[in-house]
Amino acid sequence: MRINYCGHCFAEITPEVQQCPFCGIVLREWAHSLDYETRLIHTLGHPLADVRMRAIIALGKRGDPQAANPLVRCALRHPIDVVEGLEIVAGLRRLRPGGARSKALDRLARDHPAHAVRRAAAEALAGMALNP
Ligand SMILES: [Zn+2]
């Protein structure tokens, strides 16, 4: 049996489902009601790490600072996923300069449980201080 995920609540559903039996959303309408950036940010809540990773990479490439806090929350929700945490630091570095980016990196440098992620965030902050 093939499995899809509801784009809204991420419950497992079959591909032919048009309205999610768990959250009630009409899938096609929901997908079209949000802009791309908002859907990428929402995808940071997906239960599968590879799906979250695609959203993290895309958000870094797009560079919109509104992704800063959602990326930090994603990193802190998955504290043992160091690969994901490091990709989030890399994504944060690529956001357009501003307070949101610096605050996000500072939060990870202080609060992330993984030493490698804290160190990468601190190095990113130090590099930005030299080349703002
Ligand atoms: Zn749903």
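Placed above this text is the structure.
**Q** Any chance you could explain the overall build of the chain here in plain terms?
**A** Across its full length, the chain holds seven helices and two strands. Secondary structure of the chain in N-to-C order comes out as β-β-α-α-α-α-α-α-α. In terms of principal-axis extent, the alpha carbons of the chain reach across some 50 × 30 × 20 Å. Relative to its full complement of 132 residues, the chain shows a buried share of 25%. Considering only contacts in the chain between residues 6 or more positions apart, those separated by 24 or more positions represent 50%.

**Q** Explain unusual backbone geometry to me, please; I cannot follow it from the model alone.
**A** Note on backbone geometry: most residues besides glycine have negative phi, and most peptide bonds are trans. The backbone of F10 shows a phi angle near 65 degrees, a positive value even though the residue is not glycine. Its location among the elements puts F10 in the loop between β1 (4–5) and β2 (12–13).

**Q** It is not clear to me how the nonpolar core should be interpreted in this structure. Could you clarify?
**A** Across soluble globular proteins, nonpolar side chains show a tendency to be buried alongside one another. In terms of nonpolar packing, the biggest core is built from 23 residues, with L71, V89, L92 and L108 touching the most fellow members. Mapped onto this core, the elements with two or more residues apiece are α2 (36–43), α3 (49–62), α4 (68–77), α5 (82–94), α6 (99–111) and α7 (115–130). The element contributing the most residues to this core is α4, with five residues. Excluding residues within four positions of it along the chain, L71 makes contact with L44, I56, L59, I88, G91, L92 and A104.

**Q** Which parts of the structure should I look at to understand α2?
**A** Given 3.6 residues to a turn, an α-helix orients residues that are three or four positions apart in the same direction. Taken as a whole, α2 has its buried residues at L40, I41 and T43. Along the long axis of α2, the arc covered by the buried residues comes to 160 degrees, so they all point the same way. Contact partners of the buried residues in α2: α3 and α4.

**Q** Please clarify how the packing of α4 against α6 should be interpreted in this entry.
**A** Helix-helix packing: each pair is described by the crossing angle between the helix axes and the interaxial distance. Two numbers describe how α4 lies on α6: the axes approach to 9 Å, and their chain directions differ by 15 degrees. Of the possible angle classes, the one that applies to α4 and α6 is roughly parallel. Of the two possible hands of crossing, α4 and α6 adopt the one that is right-handed. Across the interface between the two elements, A68, N69, L71, V72, A75 and L76 of α4 pack against A100, R101, A104, R107, L108 and D111 of α6.

Criteria and thresholds
Residues numbered from 1 in each chain as written. Predicted model: local features only at pLDDT ≥ 70, side-chain atom pairs only at ≥ 80, totals over all residues. Helix = DSSP H or I, 4+ residues; strand = E, 2+ residues; numbered from the N terminus. Buried ≥ 20, exposed ≤ 12 C-beta atoms within 10 Å, placed from the backbone. Contact = placed C-beta atoms within 7 Å. Core = buried A, V, L, I, M, F, W, Y, C linked by C-beta atoms within 7 Å. Arc of directions from axis to C-beta. Axes fitted to C-alpha atoms, helices over the stretch in contact; angles between N-to-C directions. Parallel < 35°, antiparallel > 145°, perpendicular 65-115°, else oblique. Left-handed = near helix turned anticlockwise from the far one by under 90°.

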